[in-house]
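Notes for the structure review
Each chain, letter by letter, is given below.
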Amino acid sequence: MSSRRVLKKEVNAIAGELFAECIVNSHVPGANQEKICKLMGNVLYLADEFIKRINHTEPGNVKEFYKKLRDDFNAKVQEISDEIAQLK
């Protein structure tokens, strides 16, 4: 298992990539700016929420906690990626 610090850096890096993709899409002529701003907010919320979850690890079955965290994170990232793909 990687350290919390490395895990937080990974979350921030992925969130940064998603945010950058939103910024790129906002400069496309005819883009729906409201939807893009909402997606950018969702990306920021995603990073904040998962950093908080990493900081407050549940005692007991730590391995299961991080497995669920990764699964949840991957699902949310996929959901946001699909929404970004629909913008094009």
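Check the entry above for the structure.
Structural notes, computed from the coordinates. All values reported here derive from a predicted model rather than from experimental measurement.

**Observations regarding the overall build of the chain**
Check the secondary structure of the chain and you find 3 helices and 0 strands. The order of helices and strands in the chain, counted from the N terminus, is α-α-α. With the C-alpha coordinates of the chain rotated into their principal frame, the extents come out at 50 × 20 × 15 Å. For the chain, with 88 residues in total, the buried portion stands at 27%. The contacts of the chain with a sequence gap of at least 6 include a subset with a gap of at least 24, amounting to 71%. Within the structure as shown, the chain displays about 6,100 Å² of accessible surface, and the carbon and sulfur contribution to it stands at 55%. In the chain, the 14 positive side-chain charges and the 13 negative ones have mean positions that sit 6 Å from each other.

**Quick look at the packing of helix 1 (residues 4-26) against helix 2 (residues 33-55)**
The description of two packed helices rests on the angle between their axes and on the distance between the axes. The N-to-C vectors of helix 1 and helix 2 enclose an angle of 180°; their axes lie 9 Å apart at closest approach. Here helix 1 lies roughly antiparallel to helix 2, going by the angle between them. Residue-level inspection shows Arg4, Leu7, Lys8, Val11, Asn12, Ala15, Leu18, Phe19, Cys22, Ile23, Asn25 and Ser26 of helix 1 in contact with helix 2, the latter providing Gln33, Ile36, Leu39, Met40, Val43, Leu44, Leu46, Ala47, Phe50, Ile51, Ile54 and Asn55. Residue classes in the contact of helix 1 with helix 2 are distributed as 17 nonpolar, 5 polar and 2 charged.

**Some details on the packing of helix 1 against helix 3 (residues 62-87)**
Running from N to C, helix 1 and helix 3 cross one another at 10°; their axes reach a closest spacing of 10 Å. Classified by the interaxial angle, the pair formed by helix 1 and helix 3 is roughly parallel. Here helix 1 contributes Arg4, Leu7, Glu10, Val11, Ile14, Leu18, Glu21, Cys22 and Asn25 to the contact with helix 3, which in turn contributes Tyr66, Leu69, Arg70, Phe73, Val77, Ile80, Ser81, Ile84 and Leu87. Residue composition of the contact of helix 1 with helix 3, grouped by class: 12 nonpolar, 2 polar and 4 charged.

**A word on the pattern of salt bridges**
The full count for this structure, using the stated rule, is 6 salt bridges. Residues Lys67 and Asp71 are paired through a salt bridge, measuring 3.6 Å at the closest nitrogen-oxygen approach. With Lys67 and Asp71 both in helix 3 and 4 residues apart, this pair spans about one turn of that helix. A relative accessible area of 42% places Asp71 in the partly exposed class. Close ionic contact of Lys76 with Glu79 constitutes a salt bridge, the shortest N to O distance being 3.8 Å. Taken together, the positions of Lys76 and Glu79, both in helix 3 and 3 residues apart, correspond to about one turn of that helix. Classification of Glu79 by relative accessible area gives partly exposed; the value is 38%. The network of salt bridges with shared partners includes Arg53, Lys68 and Asp72.

The rules behind these values
Residues numbered from 1 in each chain as written. Predicted model: local features only at pLDDT ≥ 70, side-chain atom pairs only at ≥ 80, totals over all residues. Heavy atoms only, no water. Helix = DSSP H or I, 4+ residues; strand = E, 2+ residues; numbered from the N terminus. Buried < 20%, exposed > 50% of the residue type's maximum accessible area, 1.4 Å probe, protein only. Contact = heavy atoms within 4.5 Å. Areas by Shrake-Rupley, 256 points an atom, 1.4 Å probe, with all protein chains shown as cover. Lys, Arg positive; Asp, Glu negative; His and termini not counted. Charge placed at Lys NZ, Arg CZ, Asp CG, Glu CD. Axes fitted to C-alpha atoms, helices over the stretch in contact; angles between N-to-C directions. Parallel < 35°, antiparallel > 145°, perpendicular 65-115°, else oblique. Nonpolar A, V, L, I, M, F, W, Y, C, P; charged D, E, K, R; others polar. Salt bridge = Lys/Arg side-chain N within 4 Å of Asp/Glu carboxyl O.

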